[in-house]
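Listed below are the residues making up each chain.
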Amino acid sequence: MTRALPRLIAKALMRHAARVMPSGEKNWGAAMQNELQVIEDDHVALNWAIGSVMVGYGERMNTLLQTWYARAALALLIGVLALREFFAPLLIFTYRTQRLGLAHFLGLRTAGDDYRRLIPLMDATPAWLPLLWVAAGLLFLVALWRMLRRMDGSVALFFLAFALDLAGAVVAKSIETSTGVIATPNLMVRAAGEVLMLSAGFVLWRMTRKSTVAD
Amino acid sequence: MGRRPIISGQTDRLLAALLKDPQAWQHGYTLMKQTGLQSGTLYPVLLRLCDQGLLEAEWHEADKPGRPPRHVYRLTPAGLAFAREQTAPAGRTINALLGAKA
């Protein structure tokens, strides 16, 4: 009975794998499923079935990522990430150029709803740091444009922007420590931003990688 | 002079296995045993090679009665030329130098 259990699980997984394969690749699902019949070792069969499920979901994801709505969703996400990079430079610029009405408006979108809380932080921020964030934002936009035009290099540009963002975050963290003012006190919100960025990068990579034998 | 495409180590192993007897049709499970690749790695590579016309696939009746037909694979003439080029020592060196995963 226990010996048959891996085989039963393998068969169930194989049926699932064959079901999740995209419609254009159903015969590949059947191909993997039929091979299970000749694998005598139950544990090898189970490994085979687990791999087949991964193939099924991988192919389904590849198909999904080629749809217009997946591209649109990713484009929107990258656009939001770009805007996020411009937010702090814009707030610092409005504060330093005494456009306080606009600074107040932007401050309502920060933790604490008041830009004045961030004044020590903005005063201590070196001029090059907002430029770094702007560069990251521009790189996100160029990556977005290249993705929409189906041009090469969007992934490299995206991750270059991500690297600039991370570098900026490290410097900003040291400024926060020295001034005692934390721009985004909620660690979950901070972490979510980085996770979102990494996820978008992964999806962009999967979406734009060419169907080559190098896959 | 054409640029030699970079291929992954998994593809390299699969091409080498298919090259051993290029005229013979090979089963997925046999290829798994020959290459040591798991099904989750093997089939996406088979699929891409087929998509690019480097590999042909057919359904063959099973050897034993009562078993379902099996999908079999072999290199196309283009795939054969590609595999020979890729698995040549120079190809391996280039792929290794350019960081293709083993």
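Above this text is the structure in question.
Residues numbered from 1 in each chain as written. Chains lettered and ligands numbered in written order. Predicted model: local features only at pLDDT ≥ 70, side-chain atom pairs only at ≥ 80, totals over all residues. Heavy atoms only, no water.

With respect to the overall build of chain A
Helix and strand counts for chain A come out as 9 helices and 0 strands. When the helices and strands of chain A are placed in sequence order, the string is α-α-α-α-α-α-α-α-α. Expected size for 215 residues packed as a compact globule is a radius of gyration near 17 Å; at 24 Å, chain A overshoots this value by more than 25%. Each of the 215 residues in chain A was classed as buried or not, and the buried ones make up 41%. (Helix = DSSP H or I, 4+ residues; strand = E, 2+ residues; numbered from the N terminus. Rg over C-alpha atoms; globule rule 2.2 N^0.38 Å. Buried < 20%, exposed > 50% of the residue type's maximum accessible area, 1.4 Å probe, protein only.)

Overview of the environment of Q52(B)
All names here are of chain B. Along the chain, the position of Q52 falls in the loop between α3 (39-51) and β2 (55-60). A relative accessible area of 32% places Q52 in the partly exposed class. Sequence separation of Q52 and G79 is 27 residues, and the distance between their C-alpha atoms is 8.9 Å.

Brief notes about the pattern of salt bridges
Residues and elements named next belong to chain A. Tallying each qualifying case throughout the model produces 7 salt bridges over all chains. A salt bridge links R190 to E176, with the shortest nitrogen-to-oxygen separation between them at 2.6 Å. Of this pair, R190 sits in helix α9 (residues 187-208) while E176 sits in helix α8 (residues 154-179), placing them 14 residues apart in sequence. Among the residues examined, R190 registers a relative accessible area of 24% and is labelled partly exposed. (Salt bridge = Lys/Arg side-chain N within 4 Å of Asp/Glu carboxyl O.)

What about the side chain of T35(B)?
Mapped onto the secondary structure, T35(B) falls in helix α2 (residues 28-35). Under the relative-accessibility criterion, T35(B) is labelled buried at 9%.

Concerning the packing of aromatic side chains
Given two aromatic rings, one states the distance between the centres and the angle between the planes to describe the pair. Residues and elements named next belong to chain A. Scanning the entire structure with this criterion turns up 11 aromatic pairs over all chains. Aromatic pair Y95 and Y115: ring centres 6.5 Å apart, planes at 55 degrees, arrangement tilted. On the criterion of sequence distance, the pair formed by Y95 in helix α4 (residues 68-96) and Y115 in the loop between α5 (100-107) and α6 (119-124) is long-range, its members being 20 residues apart. Y95 gets classed as buried once you look at its relative accessible area, which sits at 13%. Sitting over the face of the ring of F105, R109 holds its NZ or CZ atom 4.1 Å from the ring centroid. (Phe/Tyr/Trp six-rings, centres within 6.5 Å; stacked < 30°, edge-to-face > 60°. Lys NZ or Arg CZ within 6 Å of the ring centre and 35° of its normal.)

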